[in-house]
Amino acid sequence: MNHFEYGPEGLACEGVPLAKIAAEVGTPVYVYSRATLERHFTVFRDALVAAGVVDPLVAYAVKANSNVAVLKVLGDLGAGADTVSEGEVRRALAAGIPPERIVFSGVGKARREIEFALKTGVAEINVESEPEMNLIAQVAAELGVRAKIAFRVNPDVAAGGHAKIATGKSENKFGVSFAEAARLYANASNNAALEPIGVACHIGSQITDLSPMREAFSKMRGLVEQLLGEGLSVERLDLGGGLGVPYFNNPEPPSPADFAAMVGEVTKGLPVKLAFEPGRVIAANAGVMVSEVIHVHERPEGRKFLVIDAAMNDLVRPAMYDAFHDIRPVVKRAGEATYDVVGPVCETGDTFTRDRALPPFAAGDLVAFMSAGAYGSAMASEYNTRPLVPEVLVDGDKYAVIRKRPTYEEMLARDLVPDWV
Ligand SMILES: *Cc1c(COP(=O)(O)O)cnc(C)c1O
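**Observations concerning the site of the ligand**
Neighbouring the ligand are 13 residues; Lys 63, Ser 205, Glu 277, Arg 280 and Tyr 375 lie closest to it. Relative to its unbound accessible surface of 390 Å², the ligand loses 94% to contact with the protein. Counting atoms within 2 Å of the grid points, the majority share of the ligand lands in the largest pocket. For the shell around the ligand, a count of residues per class yields 3 nonpolar, 5 polar and 5 charged.

**Observations concerning the sheet that holds strand S1 (residues 4-7)**
Taken in spatial order, the 3 strands of this open sheet run S1-S2-S3, and their pairing is antiparallel. Edge positions in the open sheet fall to S1 and strand S3 (16-17), since each of these has one partner strand only. Across 2 bridges, strand S2 (residues 10-13) lies against S3 in antiparallel orientation. For Cys 13, the partnering residue across the bridge sits in S3 and is Val 16.

**Thoughts on the pairing of strand S10 (residues 194-200)**
Where a strand is regular, its side chains alternate between the two sheet faces. Of all 7 residues that make up S10, 6 are buried, and the element is covered over most of its length. Looking at chain direction, strand S9 (residues 147-152) and S10 are connected through 6 bridges and run parallel. Note on S10: the bridge partner recorded for Ala 147 is Leu 194. As paired strands, S10 and strand S11 (residues 236-238) are joined by 3 bridges and run parallel to one another. Bridged to Val 199 within S11 is Leu 237. In terms of handedness, the path from S10 via helix H8 (residues 210-229) over to S11 forms a crossover that is right-handed.

**Regarding the sheet that holds S9**
Each strand in a sheet pairs with another by means of backbone hydrogen bonds, the pair being arranged parallel or else antiparallel. Strands sit in the order S5-S6-S7-S8-S9-S10-S11-S12 around a closed barrel of 8 strands; the barrel is parallel. Pairwise comparison of adjacent strand axes, ignoring direction, gives a mean angle of 30° for this sheet. Contacts between helix H2 (residues 34-50) and the sheet are confined to strand S5 (57-61) and strand S12 (273-276), with S5 contributing the most and set at about 145° to the helix. Docked against the sheet, helix H7 (residues 178-189) engages S9 and S10, running at close to 155° with respect to S10.

**Describing H2**
In a regular helix each residue adds 1.5 Å, so 17 residues correspond to 24 Å; H2 covers 24 Å between its end C-alpha atoms and thus fits that length. Those residues of H2 not exposed but buried are Thr 36, Leu 37, His 40, Phe 41, Phe 44, Ala 47 and Leu 48. For H2, the buried positions fall inside an angular range of 135° around the axis, keeping them on one side. Put simply, Ser 33 is the residue that caps the front of H2, since its side-chain oxygen is 3.4 Å from the backbone nitrogen of Ala 35. Phi for Gly 52, located one or two positions after H2, is positive at around 95°.

**A short note on helix H6 (residues 130-143)**
Helix length check: H6, at 14 residues, gives a terminal C-alpha distance of 20 Å against a target of 20 Å (1.5 Å per residue), a fit within 8%. Along H6, the residues that are buried comprise Glu 132, Met 133, Ile 136, Ala 137, Val 139 and Ala 140. If you follow the buried residues of H6, they end up packed against helix H5 (111-120), strand S8 (124-127), S9, H7 and S10. Positive backbone phi, at 70°, marks Gly 144, one or two positions downstream of H6.

**Thoughts on the packing of H8 against helix H9 (residues 256-267)**
Here H8 crosses H9 at 25°, and the two axes come no closer than 10 Å. Judged by the inter-axis angle, H8 sits roughly parallel to H9. Pair H8 / H9 crosses with right-handed handedness. Contact with H8, carried on its side by Leu 210, Met 213, Arg 214, Phe 217, Ser 218 and Arg 221, involves Asp 258, Phe 259, Met 262, Val 263, Glu 265, Val 266 and Thr 267 of H9 and no other residues of that element. Here the contact of H8 with H9 is built from residues that sort into 7 nonpolar, 2 polar and 4 charged.

Cut-off values and rules
- Residues numbered from 1 in each chain as written.
- Predicted model: local features only at pLDDT ≥ 70, side-chain atom pairs only at ≥ 80, totals over all residues.
- Heavy atoms only, no water.
- Near = heavy atom within 4 Å.
- Areas by Shrake-Rupley, 256 points an atom, 1.4 Å probe, with all protein chains shown as cover.
- 1 Å grid on protein atoms, 1.4 Å probe; cavity = no way out; pocket = protein on both sides within 12 Å on 5 of 7 lines; lining within 4 Å.
- Sits in = over half its atoms within 2 Å of the grid points.
- Nonpolar A, V, L, I, M, F, W, Y, C, P; charged D, E, K, R; others polar.
- Pairing = 2+ DSSP bridges.
- Helix = DSSP H or I, 4+ residues; strand = E, 2+ residues; numbered from the N terminus.
- Buried < 20%, exposed > 50% of the residue type's maximum accessible area, 1.4 Å probe, protein only.
- Right-handed = clockwise from strand over helix to strand, strands pointing away.
- Axes fitted to C-alpha atoms, helices over the stretch in contact; angles between N-to-C directions.
- Contact = heavy atoms within 4.5 Å.
- Expected span 1.5 Å × (residues − 1).
- Arc of directions from axis to C-beta.
- Polar contact = N/O pair within 3.5 Å; in protein donor to acceptor, adjacent residues only side chain to side chain.
- Parallel < 35°, antiparallel > 145°, perpendicular 65-115°, else oblique.
- Left-handed = near helix turned anticlockwise from the far one by under 90°.

So, in structure tokens, the structure goes:
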């Protein structure tokens, strides 16, 4: 369920018509529903608790939507943060999420990022390779601290979904093998600078079938039991994120309740705490991107292009992953026409969809890209020197800009021309 419904003034986010926000903030613009964010987080956590998972750490994956206001909404409900860069750790801290709930993941953490994480005292640094473990040990020794680490294991299962977001096969760059994990865990336990506290996995994103997750989690359970059997201390099993959401073209994804029931079954009786890193399932359907139609351009041979003021730099998922977004008129219209929906950027890839049946549109109409709250604004860029798209948070009848659109002056001021040019 979400909080985007048609009212007397067209499609609204909670109590605020999108047309009102578009008029006041301009387009393109991302609009998020606080109630939906809160609902998704609560449903996810409560499902786990109902399935018998005691005190789960639900570390929201910051990269899905990293706005500090969004992080604060979730952090205030008890969410932790799964982060993949120093910048994301800083965002989580700025939102008031305590270090004890921050997980630091990522394939290539730089020395200064590790230093920052250790000084901050994050809950767990997820180690992705042996050289990374060695670097963490070195930095921790220099700082005179003991680094809490978890090993990210690549469980070698295919999660389905798009190849660019599958992470759990051994040919992907993520994590260590089970054999390596066991060897490194034992090594780390003998290193005064390291405190191995657990193991982690994350097999991909937009997963719509529970069976690869079940397979991966069962293998992870086996690893935890093996480590415990060797007398090693294991406090936490981190099962990652990846649960899919409905984009209204896909097979229906499993519900959080089905996911939680599977987790409960697979981990029953295992004497460790569980952590999760959901991103998309929390944020995707909590946001839309609103854009205005600039032209309707009809080719002589009949193809109709809906040229809108949003582009691939604002929402890259269709160009990058062939992703589907439901596109709705902000004001309902009768009838139907078939469009290619395209942006103004000078790339053929700047096409949101082809041959989509939509209501008939005219210049000046507003369209809403649904399910754009995750991997939308977070992946936006200023390609073609287009100002970074702003973000708005709605709460009931009120709303606020939570990221401003930069001015051209601000954008140009970042470029420096040396005096020898
Ligand atoms: C991207 C990512 C997540 C979140 O994935 P979703 O599909 O958005 O739930 C969680 N953990 C790690 C390590 C990630 O890289």
